[in-house]
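Structural characterization, general
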Amino acid sequence: MSPRQPPASLAEAVGGVRGMVDGAIPTVAFVTVNAEAGLAAGIAVAIAVAAVLVVLRMVRREPVQQAFSGLFAVAVAAFVASRTHSAEGFFLPSIAKNAAFAAVGLLSLLARRPLAGYVMAAMDARYAGWRQHADTRRAALWATLVWIAVFVVRFAVQGLLYLAGEPGWLGAANLALGLPLFGVAILATFAIVRRLAPRQPAADGRDGVTTGASGEGPVIEGTVLDSPGR
C-alpha cells in the first residue's frame, strides 16, 4: 500500500467553496425578499435564483450537480415554508438534515465504524485499509467527532432560532454556520489525519522501506531486518 496522505480533494468532493456559495445565495435572497415583500415573494425569488444558478453553470459548461442539488434543496425548503405558512419553515429541512447527520455519525461511533474512515477511503484509495491500522482508526474517530460537533452546533443554534420564530437570525445563522464552520472543520480534519496517521513516503519512494545504516538491511516501520547471510 502506498504511504497514507490526507486526501487533497476532500473539499472539492463535497462541493467546495463555489458549491457552498451557490447554496447560500438563494437563502440570502429568500430572507431579504421575505422581509420586504412577504413569504410568497421570498419563496418565488429563492426558487428563481436557484434556477438561474443552474442555467449559468450550464451556459458556462461548468459542473451542474451541485447547482441541481441546491435547486432541489431550495424547492424542498420552499415547499415546507408554504405548507407551514412561515418563513422559519424554509429552514426546517436544513435543521432536520443536520440532526440526521449528527445521529448517523453517533451511530457509526457506537458501531465502531466511524464514518470519516469511509470518507477517507472514498477520497483516497490509499486509505482503503484504514480499519487495519490503529493510527487511521484513531484519525477516523476524531474526524467523525469533529463533524458530529458541526452538525450538533448547527442543529442546536438553528433549532433554537426556529422555536423563537426569528427567520432573519435563522438566515444569518445559516450563513455563519455554513462556509466558515465548514472551513474550520476541514482544517481540523486535515490536522487530525496528518497528526494521527502521519505515515510519510520513504526516501527511496517505496512503501516505508529504506536501507539501514551501514547496509544492515531494509528498515520497515523502524525495524532493521537482518541482511542475507547474517
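Okay, so let's go over this structure. Owing to the predicted nature of the structure, the values given are computational and were not obtained by experimental measurement. (Residues numbered from 1 in each chain as written. Predicted model: local features only at pLDDT ≥ 70, side-chain atom pairs only at ≥ 80, totals over all residues. Heavy atoms only, no water.)

1. Observations concerning the overall build of the chain
Check the secondary structure of the chain and you find 9 helices and 3 strands. Across the 230 residues of the chain, 37% fall into the buried class. Pairs at least 24 residues apart make up 62% of the contacts formed inside the chain by residues separated by at least 6 positions. Per element, the accessible surface of the chain, about 12800 Å² overall, is 67% carbon and sulfur. (Helix = DSSP H or I, 4+ residues; strand = E, 2+ residues; numbered from the N terminus. Buried < 20%, exposed > 50% of the residue type's maximum accessible area, 1.4 Å probe, protein only. Contact = heavy atoms within 4.5 Å. Areas by Shrake-Rupley, 256 points an atom, 1.4 Å probe, with all protein chains shown as cover.)

2. Focus on the side chain of Ser108
Tracing the backbone shows Ser108 in helix H5 (residues 92-110). Only 2.6 Å separates the side chain of Ser108 from the backbone oxygen of Gly105, close enough to count as a polar contact. Within the local environment of Ser108, its side chain forms a polar contact with the backbone nitrogen of Leu115, the two atoms lying 3.3 Å apart. When neighbours within four sequence positions are excluded, Ser108 is seen to be in contact with Arg113, Pro114, Leu115 and Thr144. (Polar contact = N/O pair within 3.5 Å; in protein donor to acceptor, adjacent residues only side chain to side chain.)

3. Overview of the packing of helix H7 (residues 134-164) against helix H8 (residues 167-176)
Close contact between H7 and H8 brings their axes to 9 Å; oriented N to C, the two are set at 170 degrees. Taken together, H7 and H8 sit at an angle that is classed as roughly antiparallel. On the side of H7, the interface is formed by Val157, Gln158, Leu161 and Tyr162, while H8 contributes Trp169, Leu170, Ala173 and Asn174. (Axes fitted to C-alpha atoms, helices over the stretch in contact; angles between N-to-C directions. Parallel < 35°, antiparallel > 145°, perpendicular 65-115°, else oblique.)

4. Overview of the packing of H7 against helix H9 (residues 179-196)
Two numbers describe how H7 lies on H9: the axes approach to 8 Å, and their chain directions differ by 165 degrees. Here H9 runs roughly antiparallel to H7, going by the angle between their axes. The chirality of how H7 crosses H9 is right-handed. Between H7 and H9, the residues in contact are Asp135, Arg138, Ala139, Trp142, Ala143, Val146, Trp147, Val150 and Arg154 and Leu181, Phe182, Ala185, Ile186, Ala188, Thr189, Ile192, Val193 and Leu196, respectively. Its residues placed into classes, the contact of H7 with H9 shows 14 nonpolar, 1 polar and 3 charged. (Left-handed = near helix turned anticlockwise from the far one by under 90°. Nonpolar A, V, L, I, M, F, W, Y, C, P; charged D, E, K, R; others polar.)

5. A word on unusual backbone geometry
Positive phi, normally seen in glycine, also occurs at His85, with a value near 55 degrees. You can see His85 is positioned in the loop between helix H4 (65-84) and H5.

6. Observations concerning helix H3 (residues 39-59)
Compared with the 30 Å implied by 1.5 Å per residue over 21 residues, the 30 Å span of H3 between its first and last C-alpha is a close match. Taken together, the buried positions of H3 are occupied by Gly42, Ile43, Ala46, Ala50, Leu53, Val54 and Arg57. All buried residues of H3 project into a common sector of 110 degrees when viewed along the axis, lining one side. In H3, the exposed positions angled more than 90 degrees off the buried face are occupied by Ala40 and Val59. (Expected span 1.5 Å × (residues − 1). Arc of directions from axis to C-beta.)

7. A look at the packing of aromatic side chains
The geometry of an aromatic ring pair is captured by the separation of the ring centres together with the interplanar angle, meaning the angle of the planes. A complete count under the given rule lists 7 aromatic pairs for this structure. Here Phe90 and Phe91 contribute two aromatic rings whose centre-to-centre distance is 5.5 Å and whose plane-to-plane angle is 75 degrees, an arrangement assigned as edge-to-face. The buried category is assigned to Phe90, whose relative accessible area is 5%. Ring geometry for Trp147 and Phe151: centres 6.4 Å apart, planes at 40 degrees, overall tilted. Note that Trp147 and Phe151 are positioned in helix H7 at a spacing of 4 residues, about one turn of the helix. An aromatic cluster is present here, built from Phe101, Trp147, Phe151 and Phe182 joined pairwise through their rings. (Phe/Tyr/Trp six-rings, centres within 6.5 Å; stacked < 30°, edge-to-face > 60°.)

8. Here's the deal with the environment of Ile95
If you trace the backbone, Ile95 turns up in helix H5. On the basis of relative accessible area, Ile95 is assigned to the buried category, the value being 6%. Residues Ile95 and Asn174, spaced 79 residues apart in sequence, show a C-alpha to C-alpha distance of 9.6 Å.

9. Considering a nonpolar patch on the surface
Among the surface-exposed residues, Val21, Ile25 and Leu179 lie close enough to one another that they form a single nonpolar patch of about 190 Å² accessible area. Within the secondary structure layout, Ile25 lies in helix H2 (residues 16-37). (Patch = residues over 30% accessible without salt bridge, like charges linked within 9 Å, V, L, I, M, F, W, Y side chains within 5 Å. Salt bridge = Lys/Arg side-chain N within 4 Å of Asp/Glu carboxyl O.)

10. Focus: the side chain of Thr27
Among the structural elements, Thr27 can be located in helix H2. Judged by relative accessible area, Thr27 falls into the buried class, the value being 8%. In contact with Thr27, other than residues within four places in its own chain, are Phe90, Phe91 and Asn174.

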